[in-house]
Amino acid sequence: MLNEKIQTAINAQINAEMWSAYLYLSMASYCHSIGQTGMARWYEVQFKEEQDHAKILFNYVIQRNGKVLLRAINAVPTEWKSILDVFQNTLAHEQDITEMINKLYALSITENDYATQSMLKWFIDEQVEEEDNAQTIIDNLKMIKDDGVGLFMLDKELGARTYAMAASLVNSTL
Ligand code: OFO
């Protein structure tokens, strides 16, 4: 059984992951609006992955005999200054999420909740990847600047991203 503090913190994390999904769908919409369809596709995959993150936490709470409490998902931004601004906001957002995961992990240590520590290790690794992905695209965009061909090539590359369901969900009966 999950203790109250851990359950509350995981429920907040579920909300944050759903907000992330909503944010990335909004970013996909922005990319479509400026004709960057490959980047839009990249964000659509991101949208699905964030829903997976929320579902992994949802399943975990259920397995530990806890209760998931779904709260309102706040509104997300809908406009950005440029495509570079979008990815810079993505990195800043992922850094905030990393901070939340780290706090959750620290709480699971003080509460002696070893199962939660084990579950969170996947998220800790995932955050390293999330931040690295955004940083790499930012570096590319800074290199490209206003070069149309470079932007076209990057859009094509990001559009090739495919979604794969997180392994723990594929094998789950929940
Ligand atoms: Fe769930 O990792 Fe991004 O936000």
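Let's shift gears to the overall build of the protein. Helices and strands together make up the secondary structure of the protein, namely 6 helices and 0 strands. Across the protein, helices and strands are ordered from the amino to the carboxyl terminus as α-α-α-α-α-α. Computed over the C-alpha atoms, the radius of gyration of the protein is 17 Å, within 12% of the 16 Å expected from 2.2 N^0.38 for a compact globule of 174 residues. Across its three principal directions, the C-alpha atoms of the protein cover 55 × 30 × 30 Å. In the protein, of all internal contacts separated by at least 6 residues, the share reaching a separation of at least 24 is 83%. Surface accessibility of the protein: about 9400 Å² in total, with carbon and sulfur atoms responsible for 56%. Charged side chains in the protein number 14 positive and 24 negative. The centres of these two groups are separated by 5 Å.

A few words on the packing of aromatic side chains. Considering all chains together, one arrives at 6 aromatic pairs under this definition. Consider the rings of Trp42 and Tyr43, whose centres lie 5.0 Å apart with planes at 85°: the pair is edge-to-face. Neither Trp42 nor Tyr43 differs from the other in exposure class; each is buried. In this structure an aromatic cluster arises from ring pairing among Tyr24, Trp42, Tyr43 and Phe87. A cation sits over an aromatic face here: Arg161 above Trp42, 4.5 Å from the ring centre.

So, on to the pattern of salt bridges. Within this structure, the stated rule accounts for 3 salt bridges. Salt-bridge contacts for Lys5 lead to Glu111; the nearest nitrogen and oxygen are separated by 3.3 Å. Of this pair, Lys5 sits in helix α1 (residues 4-33) while Glu111 is found in the loop between α3 (83-110) and α4 (114-144), placing the two residues 106 residues apart along the sequence. Judged by relative accessible area, Glu111 falls into the partly exposed class, the value being 25%.

Where helix α2 (residues 37-63) contacts helix α5 (residues 148-159), the axes come no closer than 7 Å and their chain directions differ by 30°. Between α2 and α5, the crossing angle belongs to the class labelled roughly parallel. Considering only the axes of α2 and α5, their crossing is left-handed. Here Thr37, Gly38, Met39, Arg41 and Trp42 of α2 come into contact with α5, specifically with Leu151, Leu154, Asp155, Leu158 and Gly159.

Moving on to the nonpolar core. Nonpolar side chains in soluble globular proteins generally cluster together in the buried interior. Met39, Tyr43 and Phe87 are the most contacted members of the largest nonpolar core, which totals 23 residues. At the level of elements, α1, α2, α3, α4 and α5 are the ones that each hand at least two residues to this core. Of the residues forming this core, the biggest block, 6 residues, is contributed by α1. Ignoring any residue separated from it by four or fewer positions in sequence, one finds Tyr43 in contact with Tyr24, Met27, Ala28, Cys31, Val86, Phe87 and Thr90. Formed by 20 residues, the second largest nonpolar core is a distinct cluster that contains Ile6, Ile10, Leu104 and Leu120.

This part is about the layout of surface pockets. One water molecule sets the probe size; rolling that probe over the atoms shows where empty space is left. Counted as a void, the largest pocket has a volume near 220 Å³. Secondary-structure elements contributing two or more residues to the lining of the largest pocket are α1 and α2. Looking at the lining of the largest pocket, the element that brings in the most residues is α2, giving 6 residues. Tallied by class, residues from the lining of the largest pocket come to 8 nonpolar, 3 polar and 4 charged.

Relative to the assigned elements, Thr78 resides in the loop between α2 and α3. Those residues in contact with Thr78, other than ones at most four positions away along the chain, are Ser26 and Tyr30.

As a further point, take the side chain of Ser108. Structurally, Ser108 is set in helix α3. Reaching out from Ser108, the side chain makes a polar contact with the backbone oxygen of Tyr105 at a distance of 2.6 Å. Excluding anything up to four places from it in sequence, Ser108 contacts Ile6, Asp113, Thr116, Gln117 and Leu120.

About the thresholds
- Residues numbered from 1 in each chain as written.
- Predicted model: local features only at pLDDT ≥ 70, side-chain atom pairs only at ≥ 80, totals over all residues.
- Heavy atoms only, no water.
- Helix = DSSP H or I, 4+ residues; strand = E, 2+ residues; numbered from the N terminus.
- Rg over C-alpha atoms; globule rule 2.2 N^0.38 Å.
- Contact = heavy atoms within 4.5 Å.
- Areas by Shrake-Rupley, 256 points an atom, 1.4 Å probe, with all protein chains shown as cover.
- Lys, Arg positive; Asp, Glu negative; His and termini not counted.
- Charge placed at Lys NZ, Arg CZ, Asp CG, Glu CD.
- Phe/Tyr/Trp six-rings, centres within 6.5 Å; stacked < 30°, edge-to-face > 60°.
- Buried < 20%, exposed > 50% of the residue type's maximum accessible area, 1.4 Å probe, protein only.
- Lys NZ or Arg CZ within 6 Å of the ring centre and 35° of its normal.
- Salt bridge = Lys/Arg side-chain N within 4 Å of Asp/Glu carboxyl O.
- Axes fitted to C-alpha atoms, helices over the stretch in contact; angles between N-to-C directions.
- Parallel < 35°, antiparallel > 145°, perpendicular 65-115°, else oblique.
- Left-handed = near helix turned anticlockwise from the far one by under 90°.
- Core = buried A, V, L, I, M, F, W, Y, C linked by side-chain atoms within 4.5 Å.
- 1 Å grid on protein atoms, 1.4 Å probe; cavity = no way out; pocket = protein on both sides within 12 Å on 5 of 7 lines; lining within 4 Å.
- Points joined across faces, edges and corners; volume = space filled by probe spheres on them.
- Nonpolar A, V, L, I, M, F, W, Y, C, P; charged D, E, K, R; others polar.
- Polar contact = N/O pair within 3.5 Å; in protein donor to acceptor, adjacent residues only side chain to side chain.

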